[in-house]
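Per-entry structural report
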Amino acid sequence: MTLLVVGISIPVIATAPAPPSLVISKLNGKPINVLYLTRSSDRVLVRCYPGLKPTIVVRPMSGGTQEGVLTCID
């Protein structure tokens, strides 16, 4: 794949085997987006509206995996 910038063709280099996947699911009956991270080196940037701070609650799941719920709070 190449990217065309002002008439110059630049090759695009992927840094991961596949892009992150957002999957629609439900939490407490409300729709949410689930992001699957599969490597210990995976990082996610989270931005909350001004005045709010990100918080995450992590809990163990079966098979040694973990699940975290990320929210922006006051």
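Scroll up a little and you will see the structure.
To start, this report covers the structure provided alongside it. (Residues numbered from 1 in each chain as written. Predicted model: local features only at pLDDT ≥ 70, side-chain atom pairs only at ≥ 80, totals over all residues. Heavy atoms only, no water.)

So, on to the overall build of the chain. The secondary structure content of the chain amounts to 0 helices and 6 strands. Buried residues in the chain amount to 1% of all 74 residues. Pairs at least 24 residues apart make up 6% of the contacts formed inside the chain by residues separated by at least 6 positions. For the chain, the accessible area works out to roughly 7100 Å², and carbon and sulfur atoms hold 61% of it. (Helix = DSSP H or I, 4+ residues; strand = E, 2+ residues; numbered from the N terminus. Buried < 20%, exposed > 50% of the residue type's maximum accessible area, 1.4 Å probe, protein only. Contact = heavy atoms within 4.5 Å. Areas by Shrake-Rupley, 256 points an atom, 1.4 Å probe, with all protein chains shown as cover.)

Moving on to a nonpolar patch on the surface. A contiguous nonpolar surface patch, about 680 Å² in accessible area, is contributed by Leu22, Leu35, Leu37, Val44, Val46, Ile56, Val58 and Leu70. Within the secondary structure layout, leucine 35 lies in strand β4 (residues 30–35). (Patch = residues over 30% accessible without salt bridge, like charges linked within 9 Å, V, L, I, M, F, W, Y side chains within 5 Å. Salt bridge = Lys/Arg side-chain N within 4 Å of Asp/Glu carboxyl O.)

Once that is clear, we can look at the environment of cysteine 72. Tracing the chain through its elements places cysteine 72 in strand β6 (residues 66–73). For the pair cysteine 72 and proline 54, spaced 18 residues apart in sequence, the C-alpha to C-alpha distance is 4.4 Å. In this structure, cysteine 72 is in contact with Arg47, Cys48, Leu52, Lys53 and Pro54, ignoring residues within four places of it in sequence.

Moving on, we get to the environment of arginine 47. Here arginine 47 is to be found in the loop between β4 and β5 (53–60). Spatially, the C-alpha atoms of arginine 47 and cysteine 72 are 8.4 Å apart, while their sequence positions differ by 25 residues.

Take unusual backbone geometry next. Positioned with a positive phi, asparagine 28 is a non-glycine residue whose angle comes to about 55 degrees. Among the secondary structure elements, asparagine 28 is positioned in the loop between β3 (22–27) and β4. Given the relative accessible area of 74%, asparagine 28 is considered exposed.

The next point concerns the pairing of β3. The element β3 is barely covered by neighbouring structure, given that only 0 of its 6 residues are classed as buried. Inspection of the sheet shows β3 paired to β4 by 6 bridges, in the antiparallel sense. Bridge pairing links serine 25 to isoleucine 32 in β4. Joining the antiparallel neighbours β3 and β4 is a turn of 2 residues, in which asparagine 28 adopts a positive phi near 55 degrees. (Pairing = 2+ DSSP bridges.)

Interpretation note: all reported values are geometric properties and have no functional meaning in isolation.
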